[in-house]
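Chains, contacts and geometry: an overview
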Amino acid sequence: MQKFHADWNNAAMDWRLALILVAAASAVSLLFGIFGFPVVGQDANVHLNWLDQFVRLREQGINYPRWLPMSFGGFGAATFYFYPPLPYWLASFFHSIYPLSPSGLYNTLVTLASITSIFTTWWLLRQYSSDRITIVACSLAYSFIAYRFADAFVRDALGEQWALACLPLIFLRFENRLQRIVLITIGWSGLFLTNIPTAFIAAISAAIIILIDPSRRRKKEVFDYAISLALAVAISASYLLPAFALRNLIQSQHLWDTHFASTGFAILDLLQDQPGWLKTLASATLLAGIVCVIATWRDRKLTPRGWFWTAIVAILIQIPIERPWWHSAIPFGVIQFSWRWNSVLLLAIVVISVSSKSTAIPLVLIGLAAITLVGEARISNEFFLHPKLPFDRYRNDAPEYAPRWAPADAAEVRAIAWAHIDDPPATLLGFTFPGDSIHLLSQKPDERLFNVQLSRATPTRFHLFYWPYWKAFRGNKTIGIQPDTYGFATAQLPAGSYEIRMTLVHSPYEITGAIISYFGLAALVGLLTWNILQTRFKKVDSSSTESA
């Protein structure tokens, strides 16, 4: 504390003001999470639904809930075959300690993600500066203000908040090779298991930094980085392998069907009279990046040149001229919105800020903090309006996670699911005889047991969207399930009196991915253990040498 006080006394007035304003904006953001800001943002409905269902399914003994049975009016959605699960595993952990509502879980998780960001960013920035004032100000800026605040409380992007907390880890550098491999592996695993668009952005940024920074192009360091990336892919295989292998089974074209007006370019949206605090704070972050690049353009002594050019790329990609090919170009089609590049741009801004002596840099942070405070003040009225949370028995899910056999029109999927929400678990179709029936005997999230009484073979529709890994069994015999024109699961049931069991089976990709993940985790634990033992051995050796 004395050292920090000394740094404060030596700091320039503009840096003191920057720290005060950034700390104030960060404190307000923390209060939003602590006092339960209403989760009513652009992605609120799906995240509340997912948090609630995922936690419930975990409580019922399903370790990795991939199919959400209550989505779309009880017809189900293949959400977590494709959406990264890590934040929801964390939610179930916290819920097991102290039960919280879905909105309470959301606020807890985004608050913890921001706090985690402080430490990961501090760790990164220490490698570029020893000035505590600038490091603290910049760590708080990356964790709470501008784009980060909009992402947490305007857009309600839970997964992305945790991805941005992991992002600084992949850029850490250590002389200790084991420590470097372990931490970069943890960083990449966190990115893969929280948000794939951010992982794509991180991969492009890491490539730019490695190519431009000569010290990072050393063979040993590049080799260690490749090992870390391979280990992270292995650890995340239980999610990554099914997500990519089964991608053609969902309606991924709906990734760009947003329920809020957006071109994907924040500045263009503002110019087209589509205001909003997400677009305003994203545009402010972009403007701050432009000022940082201009202010340090002629600074040849700026150490992190890779970060300088990463900032330039992040800025250029957000220029609306790129719009015509945005969705078709790989990997930009996966990233969806160009303003997502503000995640790495904000990190580049803080790295440049601690490394540069330009007098414009603290002014950039002051401006970002000031506009964040204005945004916080403007949306704080939601605390007093008590808006209704977008969470009901229908449980609207993201349209891209409806199976591909459902109607291609997302509005039609919602309409038919709502129209049939009160249908029985199974419905006999066509002509039936007196006494013909099908009754639900028991139901679990991944299994349903029916009693069947039929005089002749009869087509039957189940209250379930068709998904190829839902299987029906009569004893040891499989009954074929097919989709109808609306994507509902149907089957031709034979005559007789018997029971049928419908079970959600594991796909081969899930099984293979889980095996790979176990090996990846074992390798990471082995490296971590060896690093700890190695550190202790060095301490013992140094103590012995001093005693001698």
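What you see is a predicted model, and the numbers here were worked out from it, not measured in a lab.

A word on the pattern of salt bridges
A complete count under the given rule lists 12 salt bridges for this structure. The closest approach of N and O atoms between Arg180 and Asp224, which form a salt bridge, is 2.5 Å. Highlighted residues: Arg180 in helix α11 (residues 177–192) and Asp224 in helix α13 (residues 219–235), separated in sequence by 44 residues. One continuous salt-bridge network, built from bridges that share partners, spans Asp43, Asp151, Arg155, Glu160 and Arg340.

Quick notes on the packing of aromatic side chains
Using the criterion set out here, one finds 41 aromatic pairs in the structure. Taken together, a centroid distance of 5.4 Å and an interplanar angle of 40° make the contact between Phe75 and Phe465 tilted. On the criterion of sequence distance, the pair formed by Phe75 in the loop between α4 (71–74) and α5 (79–82) and Phe465 in strand β4 (residues 458–465) is long-range, its members being 390 residues apart. In this pair, the class of Phe75 matches that of Phe465, namely buried. A ring pair is formed by Phe308 and Trp309, whose centres lie 5.7 Å apart and whose planes are at 90°; its orientation type is edge-to-face. Judged by its relative accessible area of 35%, Trp309 falls in the partly exposed class. Joined through ring pairs, the aromatic side chains of Trp50, Phe54, Trp67, Phe80, Tyr81, Phe82, Tyr83, Tyr88, Tyr401, Trp467, Tyr469 and Trp470 make up one cluster. The ring of Tyr64 carries Arg66 above its face, with NZ or CZ at 3.7 Å from the centroid.

What to know about the sheet that holds strand β9 (residues 496–504)
The sheet built from five strands is open, its strands ordered β2-β3-β9-β5-β6 with antiparallel pairing. Both outer strands of the open sheet, β2 (437–444) and β6 (477–479), are each paired with one neighbouring strand and no more. Each neighbouring strand pair of the sheet contributes to a mean axis angle of 30°, computed without reference to strand direction. Note: strand β5 (residues 470–474) against β6, three bridges, orientation antiparallel. Paired with Ala472 across the bridge in β6 is Ile479.

Description of the state of the cysteines
In protein structure, a disulfide is the covalent linkage between the sulfur atoms of two cysteines. Counted according to the given criterion, the structure contains zero disulfides. Left unpaired, Cys138 is separated from the closest cysteine sulfur, that of Cys292, by 8.9 Å.

Cut-offs used in this document
- Residues numbered from 1 in each chain as written.
- Predicted model: local features only at pLDDT ≥ 70, side-chain atom pairs only at ≥ 80, totals over all residues.
- Heavy atoms only, no water.
- Salt bridge = Lys/Arg side-chain N within 4 Å of Asp/Glu carboxyl O.
- Helix = DSSP H or I, 4+ residues; strand = E, 2+ residues; numbered from the N terminus.
- Phe/Tyr/Trp six-rings, centres within 6.5 Å; stacked < 30°, edge-to-face > 60°.
- Buried < 20%, exposed > 50% of the residue type's maximum accessible area, 1.4 Å probe, protein only.
- Lys NZ or Arg CZ within 6 Å of the ring centre and 35° of its normal.
- Pairing = 2+ DSSP bridges.
- Axes fitted to C-alpha atoms, helices over the stretch in contact; angles between N-to-C directions.
- Disulfide = S-S within 2.5 Å.

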